[in-house]
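Overview (structure and organization)
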Amino acid sequence: METQLQSLREDALASLEAITNMESLNEWRVQYLGRKSSLNQILRSLKELPPDERQKNGALANQIKNLLKNKLQEKTGQIEELTLKDSLKQQTLDVTLPGKPIDIGRLHPLTQTIREICNIFGSMGFETIEGPEIEQDYYNFEALNIPEDHPARDMFATMWTDYRVGDDPNNLLLRTHTSPMQIRIMEKRRPPIRVIVPGRVYRYEASDATHESMFHQIEGLAVSENITLAELKGTLFEFASRLFGSNRKARFRCDYFPFVEPGVEMAIECIVCNGAGCSLCHNTGWIEILGGGMVHPNVLKRVGYDPAVYSGFAFGMGIERIPMLKYGIEDIRLFCGNDMRFLRQF
Amino acid sequence: MKIPVRWLREYIDITVSPREAAQMLTMSGTEVGSIDTIGNNWKNIVVGKVIEVVPHPDSDHLRLATVNSGGENITVVCGAPNVKKDIKVPFARVGAVLYDADTKKSIVLKPAKIRGVVSQGMICSERELGISDNHTGIMILPDDAPAGTPLQELLGDSILDLEITPNRPDCLSIIGIARELSALTGCTVHLPSHKYKESSTLIEKNISVEIADPDLCYRYCASLITNIKVAPSPEWMQQRLSQCGINPINNIVDITNYVMLEYGQPLHSFDYSKITTKKIVVRGAKQGETITTLDDIQRNLQEGMLTITDGNKPVAIAGVMGGLESEITAVTSSVLLEAANFNSSSIRHTANQLNLHSEASLRFERRISREIAPVALQRATQLILELAGGEAARDTLDIYPKKVEKVPILLSVAEVKRILGIEIDIKKINDVLNSLGFECENKDFLPQIWAIPPYWRTDINDAADLVEEVARIVGYDKIIPKMLGSALPSQQLTPRIVNRENIRDTLVGCGLQEIISHSLTSMKMLQNISPQHNLIGPEPIHLLNPMTSAEEYLRTSLLPGLLTTLSNNQRHEDDELKLFEISRVYLPRTGALPDENDMLAAVFSGARIKKHWLIDEKPFGFFDIKGIVETLANRTGITINFQNSTDARLYPGRGADIINSSGVKIGIFGEIHPHIAKNFDIELTSYLLEIDLSRLPCVLPEKKYHALNRYPAVIRDMAIIVDNNISAAEIKEIVLGFSLVNGLKLFDLYTGKQVPEGKKSLAYRITYQSSNHTLTDSEVNKIHQKIISKLGEQLGATLR
Ligand SMILES: [Zn+2]
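**Some remarks on the coordination of the zinc ion**
Residues and elements named next belong to chain A.
- The coordination sphere of the zinc ion, as far as protein atoms go, consists of Cys270 (SG), Cys273 (SG), Cys278 (SG) and Cys281 (SG), spread over 2.2 to 2.3 Å.
- Each of the four donor atoms bound to the zinc ion contributes to angles spanning 102 to 115°, and the resulting shape is tetrahedral.
- Between consecutive donor residues of the zinc ion, the sequence gaps follow C-x2-C-x4-C-x2-C. In terms of burial, Cys270 and Cys278 fall into one category: buried.

**Brief notes about a nonpolar patch on the surface**
- Together, Leu97(A), Trp613(B) and Leu614(B) give the surface a local cluster of nonpolar side chains, amounting to about 310 Å² of exposed area.
- Tracing the backbone through its elements, the reader meets Trp613(B) in the loop between β34 (607–609) and β35 (618–619).
- Residue classification places Trp613(B) among the partly exposed residues on the basis of a relative accessible area of 48%.

**Points about helix α17 (residues 622–636) of chain B**
Residue and element names in this part refer to chain B.
- Over its 15 residues, α17 runs 21 Å from end to end, which matches the ideal 21 Å to within 8%, given 1.5 Å per residue.
- Looking at the buried residues of α17, the elements they touch are α14 (495–509), β33 (595–605), β36 (640–644), β37 (650–660), β38 (665–672) and β39 (687–692).
- Just downstream of α17, Gly637 is the residue with a positive phi angle, here 70°.

**Brief notes about the environment of Val209(B)**
Residues and elements named next belong to chain B.
- Note that Val209 resides in strand β14 (residues 208–211).
- Measuring from C-alpha to C-alpha, the distance between Val209 and Ala414 comes to 49 Å, with 205 residues separating the pair along the chain.
- The contact partners of Val209, leaving out residues within four places of it in the chain, are Tyr220, Ile280, Leu397 and Ile399.

**Let's talk about the sheet that holds strand β22 (residues 321–322) of chain B**
- One open sheet accounts for five strands, arranged β14-β17-β20-β21-β22 (chain B); its pairing is mixed. This sheet does not close on itself; its edge strands, each paired only once, are β14 and β22 of chain B.

**Quick notes on the confidence of the model for chain B**
- A residue-level look at chain B finds 100% of positions with pLDDT of 70 or above and a mean pLDDT of 93.
- Of all secondary-structure elements in chain B, the lowest mean pLDDT belongs to β34(B), at 77, while strand β29 (residues 513–514) of chain B reaches the highest, 98.

**Details of the packing of helix α6 (residues 235–243) of chain B against helix α7 (residues 251–263) of chain B**
Residue and element names in this part refer to chain B.
- It is at 10 Å that the axes of α6 and α7 come closest, and there the two elements cross at 55°. Considering their axes alone, α6 and α7 lie oblique with respect to each other. As for the relative orientation of α6 and α7, their crossing is left-handed in sense. Listed contacts from α7 to Trp236, Met237, Gln238, Arg240 and Leu241 of α6 are Asp254, Ile255, Asn257, Tyr258 and Leu261.

**Side note on the pattern of salt bridges**
All names here are of chain A.
- Per the stated rule, a full pass over the model turns up 67 salt bridges over all chains.
- The shortest N-O distance in the salt bridge between Arg153 and Asp137 comes to 3.1 Å. Of this pair, Arg153 sits in the loop between α6 (137–140) and β3 (173–174) while Asp137 sits in helix α6, and the two are 16 residues apart along the sequence. Accessibility assignment for this pair places Arg153 and Asp137 in one class, buried.
- Of the charged contacts, one joins Asp331 and Arg333 as a salt bridge, the two residues approaching to 2.9 Å between their closest N and O atoms.

**Considering the packing of aromatic side chains**
Residue and element names in this part refer to chain A.
- One pass over the structure, following the stated rule, counts 21 aromatic pairs over all chains.
- Ring centres of Phe121 and Phe239 lie 4.7 Å apart, and the angle between their planes is 20°; this geometry places the pair in the stacked category. Placement of Phe121 in helix α5 (residues 109–122) and of Phe239 in helix α8 (residues 229–244) is noted, with a sequence separation of 118 residues between them.
- Given the relative accessible area of 0%, Phe121 is considered buried.

**Looking at unusual backbone geometry**
- With an omega of 5°, the peptide bond between Pro191(A) and Pro192(A) qualifies as cis.
- Of note, Pro192(A) is situated in the loop between α7 (180–188) and β4 (193–202).
- Not every positive phi belongs to a glycine, and Asn145(A) is a case in point at roughly 75°.
- Secondary-structure assignment places Asn145(A) in the loop between α6 and β3.
- Positive phi values are uncommon outside glycine, yet Leu740(B) reaches one of about 75°.
- Among the structural elements, Leu740(B) can be located in the loop between α19 (728–736) and β41 (741–750).
- A residue is classified by how much of its surface remains accessible, and Leu740(B), at 25% relative accessible area, is partly exposed.

Calculation criteria
Numbers given to residues run from 1 along each chain, matching the order in which its sequence is written. Whichever chain is written first is A, and whichever ligand is written first is 1; the rest continue in order. Reporting in this predicted model follows two pLDDT cut-offs: at least 70 for local features of residues, and 80 or more for side-chain atom pairs to be given and counted; totals over whole chains, interfaces and linings ignore these cut-offs and use all residues. Heavy atoms from the whole structure form the basis of all side-chain values; hydrogens and water molecules are not counted. The rule for donors is simple: an N, O or S atom within 2.8 Å of the metal counts, and for Na, K and Ca the reach is 3.2 Å. Water is not among the atoms, so a site may look short of donors. Angular criteria define each label, namely tetrahedral for four donors with all angles between 85 and 135 degrees, square planar for four and octahedral for six donors with opposite donors over 155 degrees apart and remaining angles between 65 and 115, and irregular for whatever fails these tests. Residue burial is assigned from relative accessible area. The probe radius is 1.4 Å, only protein chains are included, and a residue is buried under 20% of its type maximum, exposed over 50%, and partly exposed in between. Patch membership needs two things, relative accessible area over 30% and no salt bridge, and members are linked within 9 Å if like-charged or within 5 Å if nonpolar (Val, Leu, Ile, Met, Phe, Trp, Tyr). The protein chains shown are the only cover counted for residues, whose accessible areas, like all others here, come from Shrake-Rupley with a 1.4 Å probe. By definition here, a salt bridge exists when the distance from a side-chain nitrogen of Lys or Arg to a carboxyl oxygen of Asp or Glu is within 4 Å. Helix and strand assignments follow DSSP, with helices taken as H or I runs no shorter than four residues and strands as E runs no shorter than two, numbered in order from the N terminus. One less than the number of residues in a helix, times 1.5 Å, gives the span that helix is expected to have. We call two residues in contact whenever any of their non-hydrogen atoms come within 4.5 Å of each other. Strand pairing follows a simple DSSP-based rule, namely that at least 2 bridges must link the two strands. Think of pLDDT as the predictor's per-residue confidence, scored from 0 to 100. In this description, a line fitted to the C-alpha atoms serves as the axis of each element, helices being fitted only across the stretch in contact, and the angle between N-to-C directions of two axes falls anywhere from 0 to 180 degrees. Here is the rule for angles: anything less than 35 degrees is roughly parallel, anything more than 145 is roughly antiparallel, 65 through 115 is roughly perpendicular, and the remaining ranges are oblique. Note on convention: near helix rotated counterclockwise from far helix by under a right angle means a left-handed crossing. Clockwise means right-handed. Only rings of Phe, Tyr and Trp enter the pairing, Trp through its six-membered ring, and a pair is recorded when the two centres are within 6.5 Å. The plane angle decides the type: under 30 degrees is stacked, over 60 is edge-to-face, the rest tilted.

Dropping the structure here:
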């Protein structure tokens, strides 16, 4: 019996050595360790042997069984490792194939610009409000120190509607700027006021590469005690630095708008030539960005604020101009043209 | 306003370059748009004296001119008819750069052989020098120009092109700009002499002036010059006028224009012999009066337009344009010269009504000072005597019914600081105002100044104006930027804006591209969104002066803009198009400003899923759009329902109304009616969505927290067969009506051979869950059974 066990052990180990896959290993397990295996039969026949034989052979048989079990485990590990290695070798993806498309839309570049500007001023305490585009002469002109037949009306070529309200003898107009909201908000609130007003404005102007009959503006207004031109400069220079980068120089020069005094035009160093002079900046090195100034005492009086107590600043800027400058867009009509080949770039 | 720097230098010896002067003017409020230089490229072009002119041996029309230009004499071939002995001419030596008007290029002059004779230079016309288009002959220079002088020294100039703001009519003049530069640089201004000899005849003997409407004509000054000789004005004057964009006419008219450019005061000259009444009456036009103006156009005057009359009929439209009948002609021998001041609104109104804008009306509209008229009148009279001869009558007429008193304005040092935010001492303020011509007085040693504006300024009314004067001369660059330090106003989010922007973001998240289209549209466009071409919705607001017929009405719908955009893009886009716009529509209202409601509209066409190696292409369908609507409702926290729509814009039976929780219709979506698709030339199966955002609740979406449910959910599937006309909403209402039902999901819908005709099979997955215990099987089975039987009773549903 002992020789039988020894040869069984040799056979089992030899055949295990040759095995390279799971199926054969399974067959081997059934053959040598299964219920019907010769080893199992030997173990079951042990009880028929005399006690000393039984003990000696029993110990040997169990030793062989454990050995085979260990070898089986070892072999299983080896084969699994081999299979994995194999599969790692076979399943190489073509990673250059296109992925599944995810549909994501885009905001119009003007919406993006309006949000960017509102966020900058929002962080400086300016609240975003909106107002009517179809306006009364009073708010668009009269209350802003531009009476009828004032030559400054030439600065605002106006489109008029056939619509009248109540006993106002004037027809309503399409607001030529967002400035009427200065009056509306001051009529409604008391200082301190700090608001910005984005929106559409209209001019009676033939459209070309730099003009449209409809475009967008953002108005800003801050009224309180102790607001000076220095704060206007601080606020707008900070805005310019956040929008165009802190390296881009800005400047204030005197300009005229009937509803501010002193009046201001802010320019930034030309984006194309960095101040050296080019066709974009008409060789001046500077690009006009916005107009503003200290709210005119007449305007304050008009809304019942005492100009000796309160002062404030106001400013307004065209929105289309900002992405036109930033991205070198040469034609303002592209914004309302809504060509996907244009919109997709933003 | 064009300012030739040579002319400017007659009134101020500026020490800065034209470029620096332009920069100073720009910074202080008078923007210089561009600087034109004349003569910068005139190298090797000098003054030459023609010594001799002889015929060309081989040509009838060419001649040989010998020119001395400082060195040795040079003989050149010349074809100009006006070349003659002893004149001074611009002479280009070999190597000079000339302008070729035909090729519009510069050419370098080389020795040239013309018909056997070699030319070592060329006598130039104005066109070849780039001065003007004149090419009828060579340019003739003043006799006193020394031969050999570089032409640039003689004629070179810089012309500043200024943009004058409407508040500064005084800057519509050379002297006005000289005064600005004087304040900016410290150089003094010297004005031309106005002295002239008068004859013994008193002006009153020959002419009388009456202002019948003193509210519209504030001042009328006149002089009379007899025995003049009308001729072309001298070359230098013609050249200056041309440089400023005014055509030279004759010496008298040119002088009035010249003085207008010099002082900013428009003048008018009448042929005195044509004022047969010897009387000027300034009055409003009468009904039906007409006048033929200098441009030979007969104008119908409206009642009240201010006119200059001879007592009977208009001879000029005051401040706008003179009449043809009394214009200066070659035979005019006596001139009645007018310098007046008119009501600016009246002039502006007349010029607009007649659509007749002149250099004169431009200045009067902007309210020039009443004090300039006599000054300019004297200057013009003096120039006429100098350049056209004749005798001036003694005295001038000056009718000035209401003289404006000068009112001093108080400005304190503290006020300057309160507005500018920087400290400027009283001496500096005083110096700045003095440099601008203000009379300043500092009484009682108080830190304040009483300032009287100079007579030429009409734009200074209060302290704020003085503050600006100080700031712009001191320089805005002296203002030190400071962040706002005043109290921060309290702020509340505007729910309307927050919700709207949330919707914008959600739509972008759903893959839609935002567009922005024009608020103005045409009636045809608005009618195109109806299958019957009739207007849907209210009558749109109409513009009185539309720019084009395509921009005549304010839109009442966003759809025309979107559908046009869709159509335009379909021409070049292969891929699907999903576009939306969130903007206003404009709806009339009685007795109030129009409603400007925020609307959302979107259009969809093409494939929802594009053909891809992993996915099959799928077109847009109704339920794709519905998914977007449901997402919007979910993100904005509103409850909505759907019902079949009868909206005319939708394909019948393939659209839905969106209903809010109070039963109000807030929008529609579905397949576009094929007629509308055709109107806009777009693909037939396109979809639209429209939601009236003004009908969304004006509150911020409320977010609620529910504790997480710790008990397990039990899932049961159920397939039922119902009649085709039973809606999913009816089934959903019954199932969700049972307690412990926590979720319902339709995962299959089937019609076909497997179910009887007229019926459909719906497969649902129901989730049961309790918030306070673990459900048992029998508990769930019981409810599930109840649901099935209730569906059976109420909807005739059977289990499949
Ligand atoms: Zn530039």
